[in-house]
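Here's the letter readout for the chains.
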Amino acid sequence: MTSNGEQFPDEGPGDGVGEEQAADQEMTDGGTTTEGEKKSLASDLWSLVKPYKREIMLNQIMENEPGDDRRGAIINSLRDMGVKVFIIEARSIETTADILHHVHRVVDYVSRENQLFNAGYVDDEGNPRDPLGFQRCLLYQDRSGRLFNLMLASYSVGPASQYETLMTSFSGLEAMALVTILCRTFACAAKASTASALAPARLALIIGLVFSEEISLSWLNAQMLVRSVPSVSAHTLTSHLGSDVLRKASLFVLATASSAEDDTTRGWVTIAGVAMICILALANLGSRAWHFMGWRPLQYSGPLKSVVAFFAAVAAGCVFPYMGHRKIHVGGRPAMEHVISTAVLVGVIFALSDIDEVQRYLITSSENCDQDYVNIAVGAWWTFTFMTSLIYAMSLPYKPPITPTEPDEDEPLLEHDHASPVGYRVPNIPNFEVDPSLASEGYFSLCSIQAQALIGLILAVVLGGGIIYLGFTDEDDELLGNGDGITRQLLGQFL
C-alpha cells in the first residue's frame, strides 16, 4: 500500500492483518497472488479512502513552489472546499491603520452577511449551524506574495477564553432562580426604613461570587448571538469594550449603596443595583435563547445597533427565559422535559423564598416587606413564560444523537479561533498578528510633540500644586463639600 509515495511493509500472518489481506486470498487461485496484483489491489483500496480537507490543503502547500503558484493553489483549494477568502495585500497599505481599516470593512461585511442569511442558524433538516455563520478566512499577503492568517495580538482579542467557558458553565436554572428571588427586594422600594436595611453589600458579595457566570459578558453575548458579530476579537476591535463593564457597574452600585447617608437614597440605590443585576441575567438568558431557538440575527444595522441588540436580548429573556438552556437545541421530548423540570423547580424555589426564615437568610429584611404584589407579579410572569416556552418547545424538531463512530461526512477545514476577526484560521499557514494600539495616530495632530509635552508640564504643575495647596489650607472643606461646602449643597439638590 502506498500513501503520498511512502511504502508500507506487508504484515505477516497473525499480525492484525484485516479485510484487505483476506480479500487478497479470496481473489487468487490456490491462495497465493503475485506482487503486482497485490500492489494493484492495495492501490484500488487506498483510492476509496477519502482524504481529509487538511491533507488536501497541506498537499497543495508542499507540491507547489513558493510564489504565485503556491498562493494560487492555496486560494483555489480554499474556495473549492467552500471557504470564502478575504485577502488584504501589503502593496495596497502603508500603515497598521490601513490594515485595521480593511479589517473593519471585512467585519461589517461578514456581520451583514450573517444578518441576511435566510435560513438563520438552522439548515433544511433542522440542525443548528455554526453560531459564527459560514466558513470564512481572512488572509494577509506580504510584498513577497506569502499568505498568512491575519490575527489580532493576544492581549487585544478580548475575553475570548472566558466567553467560551461561560457558554458551557452558564446555568439557566441559577439565572432564573436569581432573578425571581431578587424580585423580593422590589417589595421594599416603597418603604424607606426597610429598603435601607437590605444589606446591599452582602448581596453584592453573594451575587459576585456565586452567580458570576449568570451575569457576566451579557453585552458580548448579545452582540455575538443576537447581532451575529463573527468573533470576540471583532467585537473588541469595533466596540473598544474589552472588559465586562456592565457587571462591574451593577456590582459597584449594589456594593456602595450602603454608604448613602439617608434611608431613602440607600433604598433606591439598592433597588437600582438589583434591577441592573436582573437585566444582565435576562440578557444572558435571551441571547442564549435567541441562539438555541435558531432565530435569524438581528438585521438592524443603524445607529445604536449594539444597544438595540442588547435590549432585544433582554426582551427575549423576558418572554422565553427557559429556552436559553443547553438542552433546548436537542428539540423534541428532551427539550420539553427540560423546560417543564426547570420551570417547576424555579417555581418551587420562588415559593420557598416566601418563607420569612428563608427570606431573612437570602435577602436581609425583605421579610418585613409586603410580598403580596411581588407574588402576584412574579407568579403571572412565571406562568406566562412557562406557557410561551412550552409552546415554542413543541415546534423544535428532535435531533437524534449522532453515532460517535460516524463523524460528519464533510469535516471542517478551518480552525475556530476568536483571535481572527472573522472567527476562523487556516491550518498549516502561519499567523500574522496585528496590534491595534499601533494604529493610533493621536487626537491632536495640529500640536507638535514638544507643544504637547509643554502643556503636560503646565498641567502637572498647576494640578499638583493645587492638590498640595489644599493640604495647607481649609478651603477644601468649603469648596469640595467637606462639612456644608458648595459641592455638598449642589449635590444635595440632586440626591
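The rules behind the values
- Residues numbered from 1 in each chain as written.
- Predicted model: local features only at pLDDT ≥ 70, side-chain atom pairs only at ≥ 80, totals over all residues.
- Heavy atoms only, no water.
- Helix = DSSP H or I, 4+ residues; strand = E, 2+ residues; numbered from the N terminus.
- Contact = heavy atoms within 4.5 Å.
- Areas by Shrake-Rupley, 256 points an atom, 1.4 Å probe, with all protein chains shown as cover.
- Buried < 20%, exposed > 50% of the residue type's maximum accessible area, 1.4 Å probe, protein only.
- Pairing = 2+ DSSP bridges.
- Axes fitted to C-alpha atoms, helices over the stretch in contact; angles between N-to-C directions.
- Parallel < 35°, antiparallel > 145°, perpendicular 65-115°, else oblique.
- Nonpolar A, V, L, I, M, F, W, Y, C, P; charged D, E, K, R; others polar.
- Salt bridge = Lys/Arg side-chain N within 4 Å of Asp/Glu carboxyl O.
- Phe/Tyr/Trp six-rings, centres within 6.5 Å; stacked < 30°, edge-to-face > 60°.
- Arc of directions from axis to C-beta.

Within the chain, the secondary structure is distributed over 21 helices and eight strands. Within the chain, contacts between residues separated by at least 24 positions form 77% of all contacts whose residues are at least 6 apart in sequence. Of the accessible surface of the chain, which amounts to about 27400 Å², a share of 60% is contributed by carbon and sulfur atoms.

Within helix 7 (residues 172-182), nine of the eleven residues are buried, which leaves the element mostly enclosed by the surrounding structure. Listing the buried residues of helix 7 in full gives Gly172, Ala175, Met176, Ala177, Leu178, Val179, Thr180, Ile181 and Leu182. Looking at the buried side of helix 7, the elements it contacts are helix 9 (200-210), helix 10 (212-215), helix 14 (263-292), helix 16 (332-352), helix 17 (356-362) and helix 18 (372-394).

With that settled, the discussion passes to the sheet that holds strand 5 (residues 147-152). Strand order in this open sheet of four strands is 3-4-5-8, and the pairing throughout is mixed. Edge strands, defined here as strands with exactly one partner in the open sheet, are strand 3 (84-89) and strand 8 (431-434). Neighbour-to-neighbour, the strand axes of the sheet open up by a mean angle of 45°, direction not taken into account. In the sheet, strand 4 (residues 136-141) pairs with strand 5 via three bridges, with the strands oriented antiparallel. Bridge pairing in strand 5 links tyrosine 140 to phenylalanine 148. Across the sheet, helix 4 (residues 68-80) lies against strand 3, strand 4 and strand 5, angled at about 150° from strand 3, the strand it touches most.

Contact geometry for helix 11 (residues 218-226) and helix 15 (residues 305-319): axes closest at 9 Å, N-to-C directions at 95°. Relative to helix 15, helix 11 is oriented roughly perpendicular. Two secondary-structure elements touch here, helix 11 through Ser218, Trp219, Ala222, Gln223 and Val226 and helix 15 through Ser306, Val307, Ala309, Phe310, Ala312 and Ala313. Tallied by class, residues from the contact of helix 11 with helix 15 come to eight nonpolar, three polar and no charged.

Counted by the stated rule, this structure contains seven salt bridges. The partner of aspartate 142 in a salt bridge is arginine 146, and the shortest N-O contact between them spans 2.8 Å. The closest approach of N and O atoms between glutamate 415 and arginine 425, which form a salt bridge, is 2.5 Å. With glutamate 415 in strand 6 (residues 415-416) and arginine 425 in strand 7 (residues 424-425), the pair connects residues that are ten residues apart, well separated along the chain. Taking relative accessible area as the criterion, arginine 425 reaches 13% and is therefore assigned buried.

Relative to the assigned elements, leucine 198 resides in the loop between helix 8 (192-195) and helix 9. Judged by relative accessible area, which is 1%, leucine 198 ranks as buried. Measuring from C-alpha to C-alpha, the distance between leucine 198 and threonine 185 comes to 7.6 Å, with 13 residues separating the pair along the chain.

Take the side chain of serine 250 next. Within the element layout of this structure, serine 250 appears in helix 13 (residues 245-256). Every residue in contact with serine 250, bar those within four places of it in the chain, is listed here: Gly273, Met276, Ile277 and Leu280.

Take unusual backbone geometry next. In this structure, serine 228 takes a positive phi of about 65° despite not being glycine. Here serine 228 lies in the loop between helix 11 and helix 12 (232-239). Classification of serine 228 as buried rests on a relative accessible area of 1%. For leucine 304, which is not glycine, the phi dihedral falls at a positive 60°. In this fold, leucine 304 is placed in the loop between helix 14 and helix 15.

Time to look at the packing of aromatic side chains. Tallied over the full model, the rule gives ten aromatic pairs. Considering the side-chain rings of tyrosine 140 and phenylalanine 432, the 4.4 Å spacing of their centres and the 15° angle between planes classify their relative orientation as stacked. Placement of tyrosine 140 in strand 4 and of phenylalanine 432 in strand 8 is noted, with a sequence separation of 292 residues between them. In this structure phenylalanine 432 comes out as partly exposed when scored by relative accessible area, which is 27%. Ring geometry for phenylalanine 320 and tyrosine 392: centres 5.5 Å apart, planes at 65°, overall edge-to-face. A residue pair is termed long-range when its members are at least 10 positions apart, and phenylalanine 320 in the loop between helix 15 and helix 16 and tyrosine 392 in helix 18 qualify at 72 residues. Residue classification places phenylalanine 320 among the buried positions, given a relative accessible area of 14%. Judged by its relative accessible area of 22%, tyrosine 392 is partly exposed.

All right, on to helix 9 then. When we look at burial in helix 9, the residues that qualify are Pro200, Leu203, Ala204 and Ile207. Mapping the buried residues of helix 9 onto a view down its axis gives an arc of 100°, with all of them on the same face. Relative to its buried face, helix 9 has exposed residues pointing more than 90 degrees away, namely Leu205 and Leu209. Residues of helix 9 that are buried make contact with helix 7, helix 10, helix 13, helix 14 and helix 17.

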